[in-house]
Amino acid sequence: MSQNQTPLFSGLLQHAKRNPIQFHIPGHKKGAGIDPEFRQFIGDNALSIDLINIGPLDDLHHPKGMIKQAQELAAKAFGADHTFFSVQGTSGAIMTMVMAVCGPGEKIIVPRNVHKSVMSAIVFSGAIPVFIHPEIDEKLGISHGITTDSVEKALEQHPDAKAVLVINPTYFGVSADLKKIVEIAHSYHIPVLVDEAHGVHIHFHDELPLSAMQAGADMAATSVHKLGGSMTQSSVLNVKEGLVSVKHVQSILSMLTTTSTSYLLLASLDVARKQLAVKGRDLIDKTIRLAGTMRKRINEIDHLYCAGEEILGSKAAYDYDPMKLIISVKDLGLTGYEVEKWLREKHNIEVELSDLYNILCIVTFGDTEYEADQLVNALKDLSLEFEHSAAKTEPVEVLLPEIPVLALTPRDAFYSETEVVPFEESAGRIIAEFVMVYPPGIPIIIPGEIMTKENLHYIKKNLEAGLPVQGPEDDDLKTIHVIKEYKAIL
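First, a word on what this report is: a plain description of the structure on this page. Everything numeric in this text was worked out from a predicted model, so none of it was measured.

A word on the overall build of the chain
Logical step 1: In terms of regular secondary structure, the chain is built from 16 helices and 20 strands.
Logical step 2: In summary, the chain has a C-alpha radius of gyration of 24 Å against a globular reference of 23 Å for 490 residues, a match within 12%.
Logical step 3: Reported as C-alpha extents along the three principal axes, the dimensions of the chain are approximately 70 × 65 × 50 Å.
Logical step 4: Across the chain, contacts joining residues at least 24 apart in sequence account for 73% of those joining residues at least 6 apart.
Logical step 5: For the chain, the accessible area works out to roughly 21,700 Å², and carbon and sulfur atoms hold 51% of it.

Side note on the sheet that holds strand S19 (residues 469–470)
Logical step 1: Spatial strand order, S18-S17-S19: 3 strands in an open sheet with antiparallel pairing. Since the sheet does not close on itself, it has two edges, and those belong to strand S18 (442–445) and S19, each with one partner.
Logical step 2: Sheet topology places strand S17 (residues 435–437) next to S18; 3 bridges connect them, and they run antiparallel. Pairing of Met436 across the sheet is with Pro443, part of S18.

Points about the sheet that holds strand S14 (residues 353–354)
Logical step 1: Taken in spatial order, the 4 strands line up as S11-S13-S15-S14 in an open sheet, and their pairing is antiparallel. Single-partner strands in this sheet number two, and they are strand S11 (305–306) and S14.
Logical step 2: The sheet contact formed by S11 and strand S13 (residues 324–328) spans 2 bridges and is antiparallel. Pairing of Tyr305 across the sheet is with Ser328, part of S13.
Logical step 3: Contacts from helix H11 (residues 263–298) reach S11 and S13, with the element oriented near 10 degrees to S13.
Logical step 4: Its contacts with the sheet put helix H12 (residues 336–347) on S14 and strand S15 (358–362), and the angle it makes with S15 is roughly 50 degrees.

With respect to empty space enclosed by the protein
Logical step 1: Applying the stated criterion to the full structure yields 2 cavities of 30 Å³ or more.
Logical step 2: Counted as a void, the largest cavity has a volume near 90 Å³.
Logical step 3: Elements represented by at least two residues in the lining of the largest cavity include exactly strand S1 (82–86) and helix H10 (246–255).
Logical step 4: Of all the elements, H10 adds the most residues to the lining of the largest cavity, at 3 residues.

Re a nonpolar patch on the surface
Logical step 1: On the surface, Phe38, Phe41 and Ile42 cluster together to form a nonpolar patch covering roughly 340 Å² of accessible area.
Logical step 2: Within the fold, Ile42 resides in helix H2 (residues 36–42).

A closer look at the pairing of strand S8 (residues 192–196)
Logical step 1: For S8, a buried count of 5 out of 5 residues is recorded, marking the element as mostly surrounded by other parts of the structure.
Logical step 2: Side chains of S8 alternate between two faces, with Val192, Val194 and Glu196 and Leu193 and Asp195 buried alike.
Logical step 3: Sheet topology note: the strand S6 (residues 164–167)/S8 ladder contains 4 bridges and is parallel. Across the sheet, residue Leu165 finds its bridge partner in S8, namely Leu193.
Logical step 4: Pairing of S8 with strand S9 (residues 219–222), which is carried by 4 bridges, proceeds in the parallel orientation. Looking at S9, one finds that Val194 is bridged to Ala220.

Some remarks on helix H5 (residues 89–101)
Logical step 1: Within H5, 12 of the 13 residues are buried, leaving the element largely enclosed by the surrounding structure.
Logical step 2: Within H5 the residues assigned to the buried category are Gly89, Thr90, Gly92, Ala93, Ile94, Met95, Thr96, Met97, Val98, Met99, Ala100 and Val101.

A few points about the layout of surface pockets
Summary: where empty space remains is shown by rolling a probe the size of a single water molecule over the atoms.
Logical step 1: Roughly 1,000 Å³ of internal volume is contained in the largest pocket.
Logical step 2: In terms of lining, the largest pocket is formed by 50 residues, of which the most central are Asn113, Tyr171, Val437, Pro440 and Ile442.
Logical step 3: Contributions of two or more residues to the lining of the largest pocket are made by H5, strand S5 (142–143), helix H9 (224–227), S14, S18 and helix H16 (453–464).
Logical step 4: The biggest single contributor to the lining of the largest pocket is H5, with 4 residues.
Logical step 5: Taken together, the residues that form the lining of the largest pocket break down as 27 nonpolar, 16 polar and 7 charged.
Logical step 6: Considering the residues around the second largest pocket, the lining is formed by 16 residues, among which Pro63, Gln71, Phe84, Lys247 and Gln250 are closest to the centre.
Logical step 7: Of all the secondary-structure elements, those providing two or more residues to the lining of the second largest pocket are helix H4 (66–78), S1 and H10.
Logical step 8: Looking at the lining of the second largest pocket element by element, the count peaks at 5 residues for H10.

Rules used in this analysis
Residues numbered from 1 in each chain as written. Predicted model: local features only at pLDDT ≥ 70, side-chain atom pairs only at ≥ 80, totals over all residues. Heavy atoms only, no water. Helix = DSSP H or I, 4+ residues; strand = E, 2+ residues; numbered from the N terminus. Rg over C-alpha atoms; globule rule 2.2 N^0.38 Å. Contact = heavy atoms within 4.5 Å. Areas by Shrake-Rupley, 256 points an atom, 1.4 Å probe, with all protein chains shown as cover. Pairing = 2+ DSSP bridges. Axes fitted to C-alpha atoms, helices over the stretch in contact; angles between N-to-C directions. 1 Å grid on protein atoms, 1.4 Å probe; cavity = no way out; pocket = protein on both sides within 12 Å on 5 of 7 lines; lining within 4 Å. Points joined across faces, edges and corners; volume = space filled by probe spheres on them. Patch = residues over 30% accessible without salt bridge, like charges linked within 9 Å, V, L, I, M, F, W, Y side chains within 5 Å. Salt bridge = Lys/Arg side-chain N within 4 Å of Asp/Glu carboxyl O. Buried < 20%, exposed > 50% of the residue type's maximum accessible area, 1.4 Å probe, protein only. Nonpolar A, V, L, I, M, F, W, Y, C, P; charged D, E, K, R; others polar.

Here's what the structure looks like:
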């Protein structure tokens, strides 16, 4: 089949054109039974292909027809042996990767700055994480990737590990030397799993970092909806044969996937793959140029800094995605969250994320010079409005969270008997909950780790800044669950 074809989307259109009488779910029956206001907004076309896995439309759990063809085309496009569509987002694909290779008590080597879905999979599987500390960018206050040396050292110490997991690229667009990491892991006959949530597009342009499949990785959870043009919640899991069982991967993914799979999401994956394969290079080329111009203009604004290729050169910052604009705002005497709110309220602009020191803006082939001008002009206004406070601002000392000690496996901690203590008094205790800022969803502390005073201080700084600290059952974070301690009998 040709990459110009869309077997799944085209098949859905043909089915809708037949307009069969439906005595099956969904109950809205092509929109006839849905709220009229919603129907008017969404449109009859979308509702006509909001269908279920009836015979003519194939079944994601056991594909033999149009879904199978669509996945085969995707595998060719991504350079994989097999590609599986995910309607559980990239989180579902990441959990599948981990659970497909790790069982209870088995080790997996992971960077400490992994997404919460990796840690969730470790809790579910009962695996033991062997953490590698990511390299820290002290100027920006963000984590980069892991070094080849740290991977080599981890494998020397833990040759019985079942997998190495790598983030490529990071949320901020920075990549490690993935090809070399794969070579090191494969020399131990250990598979490499890649969290490629922010890298669907990198496979389709030679000015971008190597994709997981290009680097020879064994599995990659790749978020098509983030930067590839499909609908939110749609992703793919790319697999190469050899060190992992493809059938086992498919079984685990099926276990984690709803049986009522959304054909709107599946069809959007089919057409996104076509666009990336057929037009991706030209679209991405245009986007790289647009982002480059934006970066240059932003760096001409007083008190702002937009990171570029000068951040490269370290062992963990091997390459980067120029379509990610990391904009440091700390010299204005503001937090990233304050800038995010200011842009929303003053200019109706929404950013991808903010933290204590930065905002992150992503530029895709859905953007034009108009959107670029709006952001740059808004940032000029921001600099002018706060230039007086910036002049009085002392250089900001970047505060980064200490990586806590893991005292219990995350699964054991998660399922242990717990007690609730005041958050302020949790230093020294083994935590039984996740605490993270989302986005990006990287845990500050995970079940099984020992809270330190430094961790407490960092979490409080994020709360004071208004950042979305999530995870604990207590939304206000006045209390937190810790592993119950029993007093000695005298």
